[in-house]
Amino acid sequence: MSIIFSEETKTFHLSNQLVSYVIAIEEDRYLAHHYWGKRLNKVMSGADYPRRDFSHFANPHHVDHREFSLGTLLQEFPGADVGDHREYAYKYTDEKGHHANQLVYKSHEIFKGKKELEGLPHTYVTDEAQAETLEILVEDSITGMEATLSYTIFEKQPVITRSVKFKNQGKETLHLNRALSMSVDFWNANYDLLQLPGAWSREREVVRSPLVRGIHKLDSKRGTTSHTYQPFIGLLDPNTTEQAGDAYGFQFVYSGEFVGHVEVDSFSQTRIQLGINPEHFEWTLKPEDTFQTPEAVMVYSDEGLNGMSQAYHKLYQNHLIRGEHQHKERPVLINNWEGTYFDFTEDKILEMAETASELGIELFVLDDGWFGKRDDDTTSLGDWFIDRAKLPNGLKKLSEAIHDKGMQFGLWFEPEMISEESELYKKHPDWAIHTPNRPLSRGRHQLVIDFSRKEVRENILAQMKKILDEVPIDYIKWDYNRNMTELTSGEMTHRYMLGLYEVMEELVTSYPNILFESCSGGGGRYDPSMLYYMPQTWTSDNTDAAQRLEIQYGTTMTMPVSSMGAHVSAVPNHQVNRITSLKMRGDVAMSGNLGYELDTTKLTNDEKETVKAQVEFYKKHRKLIQFGDFYRILSPYEGTNQTSWIFVSEDQSEALYSFFQIMDHANKPRPRLKLTGLDPNKVYQLSDGRVLGGDELMYRGIFLETDLVGDYQSDQIYLKELSES
Ligand code: DGJ
């Protein structure tokens, strides 16, 4: 891994054994994008913008010919209104409203390691040998605005992270109207665009389409990231498959309002950008003030979508997720939500816990409804004290009773919300996010409480800490069940996120033993930034095994398996009314962090035996599942009616292959299953008794021992290395 500046070619070359990223300085001032892809041994080419008269493109003031234009240059961080009419990466306005701006190269610094992004979630190193950073200082001598563009390349990983820090070095106040975190220009547009949009219960659908001329935008104007679009953009060679081909990924480490642009210009060049959505954003920079953007993570892999995904998984697992639970095997849990909803008593909870502990389940999670007077979703958010009507002996006693059964105890909170029917709202109606003189929109009968305000954060933290200091709690589910409305422009939405991050930082550092799982009506805020605080996320409220195949398939495009909550629920399924086999529900859920979300007391004896076996199997293999290399093989999006994936240990000595049949067909062709990720030189013992070479398993493929009969069936094969051949 190295970052080299060549005086001769005026290029910065960031490289490791997998990738190279090259920036050239054009005209002694402009940062041009030169190359990004497979590693180059050496960069011998320099700035080589093809000079010709691009009619109807402006020429900067310092050139006295028509052959140089910012409007066609491949730029690294383009400014506004100075000749590049494509999407710009930043814009600032002075007190007179002038906003033509261009930041040009001033100096640079190269150092080992990576700096922290204070107050923001970010990827980190634990040893400075793990990464190297380039900081390029760009300036605007007219206004005094400066920006430091940071690029970090990680060792042995095809990853580059980027962020920007603006500083007003001038004498007048400036207003940042747009401050994106990254911009990259590709010289061509021969790509497929990959995105992961969705909706509640349909998170992270895999949508792939060819790029076309124009501007494609993904964004959130909902206060936080939301179910609608994931802050992720993929750019793929049209021939790229799961296993081979070029794949570029861009993901934003931020849970607030974001924007992603994909612009194909008149010369079929492609610009990709990610950053804070300028829609509700403006930041005032007085002289000497700074503004730090969140971070964007860029991946390039020539090993297909799996190569891209694994780069994200490894980076997030080792350099984003923190704390005691980072590498710890995650417990099998039972959550009472779909089992009881709001309708539970202390006795019911204890009865469920008793049965669950007999099945080998390790953690009981008490979901919504334990506080205030919360018998439905119309009341009590903000009143984080025990509902004695439901839990007459209090939470401490309940937690102790559950611990006595040999299980851990977890609790649900929705700290960012307030119900109009709550004691907190009566005292502080103005704490809800609102626009004065405009009625409030409700979502699930609730309002969002303004975490940009210190007194709000302090109140909620104090309430939570009171419980956490009293009650033995091993796990917290942090929910967030609506989008923001009645937002005002300015600093509020970003300050909300900074406030949220501050509260989460305080909690995770004060209670390091607690395992946190974030949630937002399922996976509505399942973005990398949450993983910095909370290593797990509830993937979706949709627990139907068939639809979960799609949701989990899409989620693994960037998110590590260890972060993905997946539960077995009752049938008919509560979201889609479908009946699937318990086997398939188990196999799907154990492809993430296995949990159960049903009334365990209602299971038949046969079902209990099956669940017990599932839990036992999972515990045996969970290290491989949660922390192994994950490869998608057959996509549920491709109409084959089948899905498959495999977990492979880092040393390729063991693997777990899962195959799912969605709809059955009479007299169907037998699928030959080609495994992946194995060592072709190793021989494997399969759990069904067969012994086969890694090469045979991957190149020739195998049939299932027995055909699956019926809809929604599945099978798993565990493979263990026998010996080196
Ligand atoms: C939405 C979550 O996604 C569910 O799992 C559950 O916790 C409910 N909220 C409770 O209100």
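Up top is the structure.
So, here's what we can say about the structure. Because the structure is a prediction, the values reported are computed rather than measured.

Scoring rules and cut-offs
Residues numbered from 1 in each chain as written. Predicted model: local features only at pLDDT ≥ 70, side-chain atom pairs only at ≥ 80, totals over all residues. Heavy atoms only, no water. Helix = DSSP H or I, 4+ residues; strand = E, 2+ residues; numbered from the N terminus. Buried < 20%, exposed > 50% of the residue type's maximum accessible area, 1.4 Å probe, protein only. Contact = heavy atoms within 4.5 Å. Lys, Arg positive; Asp, Glu negative; His and termini not counted. Charge placed at Lys NZ, Arg CZ, Asp CG, Glu CD. Axes fitted to C-alpha atoms, helices over the stretch in contact; angles between N-to-C directions. Parallel < 35°, antiparallel > 145°, perpendicular 65-115°, else oblique. Left-handed = near helix turned anticlockwise from the far one by under 90°. Nonpolar A, V, L, I, M, F, W, Y, C, P; charged D, E, K, R; others polar. Near = heavy atom within 4 Å. Polar contact = N/O pair within 3.5 Å; in protein donor to acceptor, adjacent residues only side chain to side chain. Areas by Shrake-Rupley, 256 points an atom, 1.4 Å probe, with all protein chains shown as cover. Pairing = 2+ DSSP bridges. Core = buried A, V, L, I, M, F, W, Y, C linked by side-chain atoms within 4.5 Å.

## Some thoughts on the overall build of the protein chain
A tally of helices and strands in the protein chain yields 12 helices and 36 strands. Overall size of the protein chain, expressed as C-alpha extent along the three principal axes, is 85 × 70 × 45 Å. The proportion of buried residues among the 725 residues of the protein chain is 63%. In the protein chain, the proportion of contacts linking residues at least 24 apart, taken out of those at least 6 apart, comes to 69%. Across the protein chain, the mean location of the 76 positive side-chain charges is 0 Å away from that of the 110 negative side-chain charges.

## With respect to the packing of helix α6 (residues 454–470) against helix α7 (residues 492–510)
Between α6 and α7, the shortest axis-to-axis distance is 11 Å and the interhelical angle comes to 20°. The pairing of α6 with α7 is recorded here as roughly parallel in orientation. Where α6 crosses over α7, the two elements pack in a sense that is right-handed. Here Arg-457, Leu-461, Met-464, Lys-465 and Leu-468 of α6 come into contact with α7, specifically with Gly-499, Glu-502, Val-503, Glu-506, Leu-507 and Ser-510. Looking at the contact of α6 with α7 residue by residue, the classes come out as five nonpolar, two polar and four charged.

## Thoughts on the environment of Ile-551
Take Ile-551: it is sitting in helix α9 (residues 545–555). On the accessibility criterion, Ile-551 (2% relative accessible area) is buried. A C-alpha to C-alpha distance of 9.8 Å links Ile-551 and Leu-196, two positions 355 residues apart in sequence. Every residue in contact with Ile-551, bar those within four places of it in the chain, is listed here: Ser-201, Arg-202, Glu-203, Thr-539, Ser-540, Asn-542 and Tyr-637.

## So, the site of the ligand
In the region of the ligand, 13 residues are neighbours, and Asp-367, Asp-368, Lys-477, Asp-479 and Asp-541 sit closest. One nitrogen or oxygen atom from the side chain of Asp-368 is found 2.6 Å from an oxygen atom belonging to the ligand. Within the side chain of Trp-538, an N or O atom sits 3.3 Å from an oxygen atom of the ligand. In the complex, the protein chains occlude 98% of the 300 Å² of accessible area that the ligand would expose alone.

## Details of the packing of helix α3 (residues 346–358) against helix α4 (residues 394–404)
For any two helices packed against each other, one specifies the inter-axial angle together with the distance between the axes. The contact between α3 and α4 brings their axes to 10 Å, and the two run at 20°. The angle between the axes of α3 and α4 places the two elements in the roughly parallel class. The hand of the α3/α4 crossing is right-handed. Two secondary-structure elements touch here, α3 through Glu-346, Ile-349, Leu-350 and Ala-353 and α4 through Gly-394, Leu-398, Ala-401 and Ile-402.

## A closer look at the sheet that holds strand β23 (residues 408–413)
In spatial order, the strands read β21-β22-β23-β26-β27-β28-β29-β30; together these eight strands close into a barrel with parallel pairing. Within the sheet, the average angular offset between the axes of one strand and its neighbour, ignoring direction, is 30°. Pairing between strand β27 (residues 515–518) and strand β28 (residues 536–538): two bridges, direction parallel. Counterpart to Glu-517 in the pairing with β28 is Gln-536. Contacting β28 and β29 (564–569), α9 runs over the sheet at an angle of about 170° to β29.

## Quick look at the nonpolar core
One finds Phe-166, Phe-250, Leu-366 and Trp-370 to be the most contacted residues of the largest nonpolar core, which totals 180 residues. Sorting elements by how many residues they give to this core places α7 first, with nine residues. Contact partners of Leu-366, with chain neighbours within four places excluded, come to Asn-336, Phe-344, Ile-349, Leu-391, Leu-395, Leu-398, Phe-409, Gly-410, Leu-411 and Trp-412. Listed in part, the 20 residues of the second largest apolar core include Leu-673, Leu-692, Leu-697 and Ile-702.

## Considering the pairing of strand β32 (residues 642–648)
For β32, the tally of buried residues reaches seven of seven residues, placing the bulk of the element in the interior. Burial along β32 is two-sided: the face carrying Gln-642, Ser-644, Ile-646 and Val-648 and the face carrying Thr-643, Trp-645 and Phe-647 are both buried. Strand direction decides the pairing type here: strand β31 (residues 629–634) and β32, joined by five bridges, are antiparallel. Of the residues in β32, the one forming a bridge with Tyr-631 is Ile-646. Here β32 pairs with strand β33 (residues 654–661) via seven bridges, running antiparallel.

## Regarding the sheet that holds strand β4 (residues 30–38)
If you walk across this open sheet you meet the four strands as β1-β2-β3-β4, and the pairing is antiparallel. The sheet is open, and its two borders are formed by β1 (2–6) and β4, each paired with just one other strand. Taking each pair of neighbouring strands and ignoring which way they run, the sheet shows an average axis angle of 15°.

## Side note on unusual backbone geometry
Note the cis peptide between Val-571 and Pro-572, where omega equals -10°. Along the chain, Pro-572 turns up in the loop between β29 and α10 (582–589). Of note, Asp-81 is a non-glycine position whose phi angle comes to about 65°, a positive value. Relative to the helices and strands, Asp-81 resides in the loop between β4 and β5 (90–94). The class for Asp-81 is partly exposed, based on a relative accessible area of 43%. Positioned with a positive phi, Ser-226 is a non-glycine residue whose angle comes to about 80°. Looking at Ser-226, the relative accessible area reads 8%, which means it is buried.

## Re the pairing of β33
Within β33, eight of the eight residues are buried, leaving the element largely enclosed by the surrounding structure. On β33, burial covers both faces: Glu-654, Leu-656, Ser-658 and Phe-660 on one face and Ala-655, Tyr-657, Phe-659 and Gln-661 on the other are all buried. From the end of β32 to the start of β33, which pair antiparallel, there are five residues, and Gln-652 there has a positive phi angle of about 60°.

## Remarks on the side chain of Asp-587
Relative to the helices and strands, Asp-587 is located in helix α10. A polar side-chain atom of Asp-587 sits 2.7 Å from a polar atom in the side chain of Ser-714. Leave out the neighbours within four places in its chain, and Asp-587 touches Phe-660, Ser-714, Asp-715 and Gln-716.

## What about the environment of Val-125?
Inspection of the secondary structure assignment puts Val-125 in the loop between β6 (104–112) and β7 (131–139). Considered as a pair, Val-125 and Phe-154 are 29 residues apart in the sequence and their alpha carbons are 8.8 Å apart. Contact partners of Val-125, with chain neighbours within four places excluded, come to Gly-113, Lys-114, Gln-130, Ala-131, Phe-154 and His-319.

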